[in-house]
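These are the residues of each chain, in order.
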Amino acid sequence: MISHSPFLAACQECGKVSRVPHLPEDQTAFCPRCGNSLVVRIKGCHTKVFAYGLAALILQVVSCFFPFMAIDVEGITQQVALIDVLIVFFYFHKAALASLLLLTIIFLPAFYLVGLITLFAMAWYSATVQKHPGDSAWAKRLFRFVFCIEPWLLVDIFFIGALVSIIKMASLSDISIGNAFWTYFFFALLVVKCSRMADRHWLCAYLFAPVSIGDVQPGDSHLTGNHLVCRLCNQINPVTDSNVDAPGHCQRCHFRLYPYNPGQSIRLTAALLMTSLIFYFPANLYPMMYTTSFGDSSGSTIMEGVIFLWNEGSYPVALVILAASIILPLSKMLILTHLLWSLRRQGEASQVVLERLHLYRFIEVIGRWSMIDVFVVAILSALVQFGELMGVTPGRAVFYFALVVIFTLLSTGFFDPRILWQNISDPDCHGHKTPKDCLRFDNKEAL
Ligand SMILES: [Zn+2]
Ligand SMILES: [Zn+2]
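Residues numbered from 1 in each chain as written. Chains lettered and ligands numbered in written order. Predicted model: local features only at pLDDT ≥ 70, side-chain atom pairs only at ≥ 80, totals over all residues.

A count of helices and strands for the protein gives 14 helices and 13 strands. The C-alpha atoms of the protein give a radius of gyration of 24 Å, which matches the 22 Å a tight globule of 447 residues would have. Seen along its three principal axes, the alpha-carbon backbone of the protein occupies a region of about 75 × 55 × 45 Å. Within the protein, the fraction of its 447 residues that count as buried is 38%. For the protein, long-range pairs separated by at least 24 residues make up 70% of all intrachain contacts whose partners lie at least 6 apart in sequence. (Helix = DSSP H or I, 4+ residues; strand = E, 2+ residues; numbered from the N terminus. Rg over C-alpha atoms; globule rule 2.2 N^0.38 Å. Buried ≥ 20, exposed ≤ 12 C-beta atoms within 10 Å, placed from the backbone. Contact = placed C-beta atoms within 7 Å.)

Counting 120 residues, the largest nonpolar core has Leu116, Leu119, Cys194, Leu207 and Ala378 as its most contacted members. Look past the residues within four positions of cysteine 194 in its chain and what remains in contact with it is Val49, Tyr52, Gly53, Ala56, Leu113 and Leu116. (Core = buried A, V, L, I, M, F, W, Y, C linked by C-beta atoms within 7 Å.)

Counting all residues, the mean pLDDT for the protein is 86, and 91% of those residues have values of 70 or more. pLDDT under 50 marks residues 443-447. Its contacts with residues more than four places away, or in other chains, come to 6 contacts. (pLDDT = per-residue confidence, 0-100.)

Looking now at the sheet that holds strand E5 (residues 67-73). The 3 strands lie next to each other as E6-E5-E7, forming an open sheet whose pairing is antiparallel. Looking at strand neighbours, the two that pair on one side only are strand E6 (76-81) and strand E7 (174-177), the edges of this open sheet. Geometrically, the sheet is characterised by an average inter-axis angle of 15° between neighbouring strands, direction not taken into account. Across 6 bridges, the pairing between E5 and E6 is antiparallel. Across the sheet, the residue bridging to proline 67 is alanine 81, located in E6. Those strands touched by helix H6 (residues 179-197) are E5, E6 and E7, and its axis lies near 140° from that of E5. (Pairing = 2+ DSSP bridges. Axes fitted to C-alpha atoms, helices over the stretch in contact; angles between N-to-C directions.)

As paired strands, strand E1 (residues 7-10) and strand E2 (residues 17-20) are joined by 4 bridges and run antiparallel to one another. By the bridge assignment, phenylalanine 7 is partnered in E2 with valine 20. Count of turn residues in the E1/E2 antiparallel hairpin: 6 residues, of which glycine 15 carries a positive phi of about 85°.

All right, on to the environment of leucine 119 then. Mapped onto the elements, leucine 119 comes out in helix H3 (residues 95-128). Among the residues examined, leucine 119 registers 24 C-beta atoms within 10 Å and is labelled buried. Distance in space between the C-alpha atoms of leucine 119 and phenylalanine 143 is 7.1 Å, their sequence separation being 24 residues. Ignoring sequence-local partners within four residues, the contact set of leucine 119 consists of Ala139, Leu142, Phe143, Val146, Leu203 and Leu207.

What follows concerns the packing of helix H1 (residues 45-65) against H6. At a minimum axis separation of 8 Å, H1 and H6 run at an interaxial angle of 155°. It follows that H1 is roughly antiparallel to H6 by the angle criterion. Crossing angle aside, the handedness with which H1 passes H6 is left-handed. Packed against H1, whose contacting residues are Cys45, Lys48, Val49, Tyr52, Gly53, Ala55, Ala56, Leu59, Gln60, Val62 and Ser63, the element H6 presents Ala180, Thr183, Tyr184, Phe186, Phe187, Leu190, Val191, Lys193, Cys194 and Met197 at the interface. Here the residues of the contact of H1 with H6 are counted per class, giving 15 nonpolar, 4 polar and 2 charged. (Parallel < 35°, antiparallel > 145°, perpendicular 65-115°, else oblique. Left-handed = near helix turned anticlockwise from the far one by under 90°. Nonpolar A, V, L, I, M, F, W, Y, C, P; charged D, E, K, R; others polar.)

Taking 1.5 Å of rise per residue, the 24 residues of helix H8 (residues 262-285) would be expected to cover 34 Å, and the 35 Å separating its terminal C-alpha atoms lies within 8% of that figure. All buried positions along H8 are accounted for by Thr269, Leu272, Leu273, Ser276, Phe279, Tyr280 and Ala283. The secondary structure elements touched by the buried residues of H8 are helix H10 (315-342) and helix H13 (397-414). (Expected span 1.5 Å × (residues − 1).)

Where H1 meets H3, the axes come as close as 9 Å, and the angle between the chain directions of the two elements is 150°. Between H1 and H3, the angle is such that the two are roughly antiparallel. At the point where H1 passes H3, the crossing takes the left-handed sense. Between H1 and H3, the residues in contact are His46, Val49, Phe50, Gly53, Leu54, Ala56, Leu57 and Gln60 and Pro109, Ala110, Leu113, Leu116, Ile117, Phe120, Ala123 and Trp124, respectively.

Moving on, we get to the sheet that holds strand E12 (residues 390-394). Hydrogen bonds between backbone atoms are what pair the strands of a sheet, whose relative direction is either parallel or antiparallel. One open sheet holds the 3 strands; their spatial order is E11-E10-E12, and the pairing between them is antiparallel. Each edge of the sheet is formed by a strand with only one pairing partner; in this case those strands are strand E11 (296-300) and E12. Across the sheet, the mean angle separating the axes of adjacent strands is 20° when strand polarity is ignored. Running at roughly 140° to E12, helix H12 (residues 372-383) makes contact with strand E10 (289-293) and E12 of the sheet.

The phi dihedral of aspartate 26 falls on the positive side, at around 65°, and the residue is not glycine. As for its position among the elements, aspartate 26 is in the loop between E2 and strand E3 (28-30). The exposure class assigned to aspartate 26 is partly exposed, which follows from the 13 C-beta atoms found within 10 Å. A positive phi angle, close to 65°, is found at histidine 254, a residue other than glycine. According to the C-beta neighbour criterion, histidine 254 is partly exposed, with 19 such atoms within 10 Å.

In structure tokens, the structure reads:
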């Protein structure tokens, strides 16, 4: 049940524990030290999740059965459905890539929506009958599954990839949009909306029984060593004999607890970063796709594709591909290297650390968008198949490029931003004395 008394929340990005007063709906409490959102309350979250989730599921089914797009070359029309695009890599012996597309565009979003609706229905039932939340292992397992797969839903990026493909082909041939294209657009929109409406604070309050946080106080942090924070439900767990040496599990959702271990985080981030850098070379040196035109076949790397589009006058598409495939992966790698390197410095001002944290947030947000080019190749390979007349075949670089994106995502995920705060010279937050004084809300006059 939603508690009307203040509660403690620990920031995932700087580690600071703050006391949060009862937070009305449609308000967000931000961390006083780094500005990260601690608790986000959504008004009527369960009805919004039911409405958006069910509508998205219906649209997803419809998207799979109608034509997605069609192309006309020299009077011959080729039409594809969404599922043709997603499985096209199977025909070119790239089963891993086809599985990745099917998972991130069809299966994971469907499981996510069904799981989210089920969890909110259980919590709503608990809230309606004023039943005390139980301790169901099944609900905990579903909660962990749903929120673990959330970062891997790439439906919005696939839609942008489809848009880029249309603009790319529009100058070369007649291309038309099918009904499934629009249903997919609304499906992607609703999935994003649904994930934003999932108020985890409300969900956990009605789904799981309240748990103890031990002797944790406002102002404590990950360096105090008296608690471990669950990355999934944000529950503060007191350090006990069972989780002080070996990783334990969150009392509330049973997700694995990771003790603060800067050395391990740095090593894993650096190793994954190096791996992505190694794959970045073949991703740029091998052809991304082969184009056949009147019997002549030629391969083009990512950069050659950008130059070709620029020379053809498709400036917006050239810039999108350049940004998504060259600039974003390089920026991610450079920023992560900079963050790792900056950890060598001691006693820096919190303002400097905050600027680094903004860089970390930037690469977290942009990380997934590099997949656009992989989706463009999949769509064009499925759509442009006219034998010797005209055809597109995926190149070896697609596989390596997908690996670059996956490894940079993992690298960012393993980087614990709380490490940035461990050597600051001014540990107090902007001169305020108590965490409550400097806790910030988006509706400032209410609290
Ligand atoms: Zn913070
Ligand atoms: Zn948890």
